[in-house]
Amino acid sequence: MDFAEQVKSTVRIEDVVGEVVRLRKSGAYRFMGLCPFHSEKTPSFTVHATLQIYKCFSCGEAGDVFSFVMKTQGVGFFEALKLLAERHGIPMPKRSQYADEDSRKRGALFQLHELAQENFRANLLGAAGETARNYLARRGLSPDTIERFGLGYSDRSGRALLRLFEQRDFSGSQMEESGLAGRRQDGSLYDRFRNRLMFPIHNESGKIIGFGGRALADDDQPKYLNSPETPIYKKSHVLYNLHRAKDAIRKEDRVILVEGYMDAIGVSAAGFAWVVASCGTALTAQHVQALKRHTSRIFVNFDPDAPGANAAERSINTLLAEGMQARMVELDGELDPDEYCRERGPAAYQARLDGAKGYFHWLADRARNKYDVHTQEGIVGVLQALLPAVQQIADPLERDAMAGDVAGYIGVERGLVLDSFRKAVATRQDKPLERPKAVLRPDERMVLRTLFLDPENAGGTIEELKSIETLGRLPSRQIFQAIFAAAADGGGVTFEAVNARLEDAGRQLLAEAVLREDAAGSREEAVAAIASLRRADTEDRRKQVKLRIKELERSGNLEEALRLYAELQRMEREAKGAQ
Ligand SMILES: [Zn+2]
């Protein structure tokens, strides 16, 4: 068996998909959940456990366990193969055929980060790490927390990592590409992080892909220095702490979003493990999608200062556009989340979470502080401030409810608010996703489904199917050709064998045929489907004969036309008799 096949047969696709999509069982072997590839509120993403495939019936994405990992983790085929093999304890074959150029390069970058991490952690525990240790002690971090979050220290020399990497024979360009080394104008290299407290940043599968470094000397700028974008680190995709938090996020069915590394660590250490941080970059649709695979409920807890509040306001639109339910956490005393947890304790923080405002009241409050709602201009200002969020609400009922709410809150007439909301929504470019229609006929779908899901009850043999000419004209004709070819090969007409013979479009159709309904049909339904195809077949033949008769009449060949006419009558009698 090919190694990829071995991995595929060992790994359960519902487990792999289940790590990023919340799946619910729907049928004996079928699971459904919210599609990770587009934004939706009702599940149309389907996974079949025995066929080992997935398909979204809204956006059309389909594939197997490898394409799922490739698409959700942004890796190539070999990387996906390796990830799955490692995760499930399947030893990789020694032969290098499973390492392509791209995954070798990425592999080297991962190794460089592992080495850096070892070095940073050893530094923190050693003599050079004293300042960093003192800082952490002042911030109240226990040795346990320091260990759990893998905190470290980059020494002052500016050559420590370079020396380490050189000893391990990494090239200068690899060091530079990792972002851990910078290059001066004269071409020489230097350690990017010097005399900083180091926070390792992981991807969702737990590999270190970058670092954040906090300055320890007052005059060191910037205060926070992050790894640059590299082939393994895309800032717009990565949330700090998600790999540790995701199980808790699912269990709680909610997530806390904070701004900084220390906030995430402090809140987590206070007992709220379901926290992630955006780390200085603006919240992107990809960030939100990564969260949405685990929950749709989010508590935004940014810094209380003006930049923090502005960032929170911007993030609301992104969250709403992705269909998240957002609440805004406000902390008193100008404290950031980390300070709040330390000074006031977990119970007080819990109370702030419980009292978190819906994003709309939060926005309205902000606007109310900015404008005087006793003046006409003030009211217009408040409504203007709310419109971007209003435009993200797709449900008209929810929108109308908001309008009433806001009217009461700022003390104006409901009709006025409703009017301005409706106008705003009319100008929003709506791009609702067309739900693709079923392209296959019910009878051809039934035949395919029973053939692959419940071959015992298939309505007819392959030979019988071959005799139905209509199959050559149906949308699924390539699938049937693949079925006949697989049968001729004598290797068995399995889903895998047929799928392997198809191009992309054919695979999509096959997934559609077998996944759209819960289970295979009964034997009676399968027999009825074949009969229906046969009727279509005779109907087709009758049409052909009628056409031919017309042609013959036009060309004056009446003798032949009459002969065919008798044939047509015979066919029609037979069809009636068969019914
Ligand atoms: Zn989809």
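Below is a short write-up of the structure. The model shown is predicted, which means the values in this text are computed figures rather than measured ones. (Residues numbered from 1 in each chain as written. Predicted model: local features only at pLDDT ≥ 70, side-chain atom pairs only at ≥ 80, totals over all residues. Heavy atoms only, no water.)

The next thing to look at is the pairing of strand S9 (residues 196-202). Counting buried positions along S9 gives seven out of seven residues, so the element sits mostly inside the fold. Two strands pair when backbone bridges link them, and strand S6 (residues 152-154) and S9 are joined in this way by three bridges, in the antiparallel orientation. Bridge pairing in S9 places Tyr 153 opposite Leu 197. In the sheet, S9 pairs with strand S10 (residues 208-215) via seven bridges, with the strands oriented antiparallel. Residue Leu 197 lies in a different strand from S10, and its bridge partner there is Arg 214. Connecting the antiparallel pair S9 and S10 is a turn made up of five residues, with Gly 206 showing a positive phi of about 95°. (Buried < 20%, exposed > 50% of the residue type's maximum accessible area, 1.4 Å probe, protein only. Helix = DSSP H or I, 4+ residues; strand = E, 2+ residues; numbered from the N terminus. Pairing = 2+ DSSP bridges.)

Moving on to the coordination of the zinc ion. The protein atoms that coordinate the zinc ion are Cys 35 (SG), His 38 (ND1), Cys 56 (SG) and Cys 59 (SG), at distances of 2.1 to 2.3 Å. Coordination geometry of the zinc ion: the four donor atoms subtend angles of 102 to 119° at the metal centre, consistent with an arrangement described as tetrahedral. All donors of the zinc ion belong to a single chain; written as a sequence motif, their spacing is C-x2-H-x17-C-x2-C. You can see Cys 35 sitting in the loop between strand S2 (30-33) and strand S3 (45-48) and its partner Cys 59 sitting in the loop between strand S4 (53-56) and strand S5 (62-64), a full 24 residues away along the chain. By relative accessible area, which is 30% here, Cys 59 ends up partly exposed. (Donors = N, O, S within 2.8 Å, 3.2 Å for Na, K, Ca; no water. Tetrahedral: all angles 85-135°; square planar, octahedral: opposite > 155°, others 65-115°.)

This part covers the pairing of strand S12 (residues 255-258). Side chains of S12 alternate between two faces, with Val 255 and Leu 257 and Ile 256 and Val 258 buried alike. Examined bridge by bridge, S12 and strand S14 (residues 297-300) share three bridges and lie parallel to one another. Looking at S14, one finds that Ile 256 is bridged to Phe 299. Sheet analysis places S12 next to strand S13 (residues 275-277), joined by three bridges and oriented parallel. For Leu 257, the partnering residue across the bridge sits in S13 and is Val 276. Where the polypeptide runs from S12 across helix H11 (residues 261-269) and back to S13, its parallel neighbour, the crossover connection is right-handed. (Right-handed = clockwise from strand over helix to strand, strands pointing away.)

Summarising the element assignment, Ser 315 is placed in helix H13 (residues 306-321). Looking at Ser 315, its side chain comes within polar contact range of the main-chain oxygen of Ala 312, at 2.7 Å. (Polar contact = N/O pair within 3.5 Å; in protein donor to acceptor, adjacent residues only side chain to side chain.)

Strand order in the open sheet formed by five strands is S1-S2-S3-S4-S5, and the pairing between neighbours is antiparallel. Strand pairing shows two members of the sheet lacking a second neighbour, strand S1 (24-25) and S5, which therefore form its edges. Where S2 meets S3, four bridges bridge the pair, whose relative direction is antiparallel. Within S3, the residue paired with Arg 30 across the bridge is His 48.

What follows is about the packing of helix H16 (residues 359-370) against helix H18 (residues 396-410). Across the interface, H16 lies against H18 with an axial gap of 11 Å and an inter-helix angle of 35°. With respect to the hand of their crossing, H16 and H18 are arranged in right-handed fashion. Contact residues: Tyr 359, Phe 360, His 361, Ala 364, Asp 365 and Arg 368 in H16; Glu 398, Met 402, Asp 405, Val 406, Tyr 409 and Ile 410 in H18. Of the residues assigned to the contact of H16 with H18, the class counts are seven nonpolar, one polar and four charged. (Axes fitted to C-alpha atoms, helices over the stretch in contact; angles between N-to-C directions. Left-handed = near helix turned anticlockwise from the far one by under 90°. Contact = heavy atoms within 4.5 Å. Nonpolar A, V, L, I, M, F, W, Y, C, P; charged D, E, K, R; others polar.)

The amide bond that connects Gln 221 to the next residue, Pro 222, takes the cis arrangement and shows omega of -10°. Its place among the elements puts Pro 222 in the loop between S10 and strand S11 (224-226). A positive phi angle, close to 80°, is found at Asn 241, a residue other than glycine. With respect to the secondary-structure elements, Asn 241 resides in the loop between S11 and helix H10 (242-252). For Asn 241, a relative accessible area of 2% corresponds to the buried category.

Let us now look at the pattern of salt bridges. For the coordinates displayed, the defined rule picks out 36 salt bridges. Measuring nitrogen to oxygen at the nearest pair gives 3.4 Å for the salt bridge that ties Glu 79 to Arg 106. One end of the pair, Glu 79, is in helix H4 (residues 77-87); the other, Arg 106, is in helix H5 (residues 101-125), and 27 residues separate them in sequence. By relative accessible area, which is 6% here, Glu 79 ends up buried. Here the salt bridges share partners, and the residues they tie into one network are Glu 330, Lys 357, Asp 365 and Arg 368. (Salt bridge = Lys/Arg side-chain N within 4 Å of Asp/Glu carboxyl O.)

For the rest of this paragraph, the subject is the packing of aromatic side chains. Describing an aromatic ring pair means giving the distance of the ring centres and the angle of the ring planes. Evaluation of the coordinates by the stated rule reveals 23 aromatic pairs. Measuring from centroid to centroid gives 5.5 Å for Tyr 359 and Phe 360, while their planes differ by 75°, and the two rings are edge-to-face. For Tyr 359, a relative accessible area of 8% corresponds to the buried category. Take Phe 360: its relative accessible area is 4%, and that puts it in the buried class. Within the aromatic cluster, the residues linked to one another by ring pairs are Phe 272, Trp 274, Phe 299, Tyr 340 and Tyr 349. The ring of Phe 110 has Lys 207 sitting right over it, with the charged end atom 5.0 Å from the ring centre. (Phe/Tyr/Trp six-rings, centres within 6.5 Å; stacked < 30°, edge-to-face > 60°. Lys NZ or Arg CZ within 6 Å of the ring centre and 35° of its normal.)

Looking now at the environment of Arg 445. Residue placement: Arg 445 occurs in helix H20 (residues 442-453). In this structure Arg 445 comes out as buried when scored by relative accessible area, which is 9%. As a C-alpha pair, Arg 445 and Glu 19 span 426 residues in sequence and 30 Å in three-dimensional space. A polar side-chain atom of Arg 445 sits 3.5 Å from the main-chain carbonyl oxygen of Leu 440.

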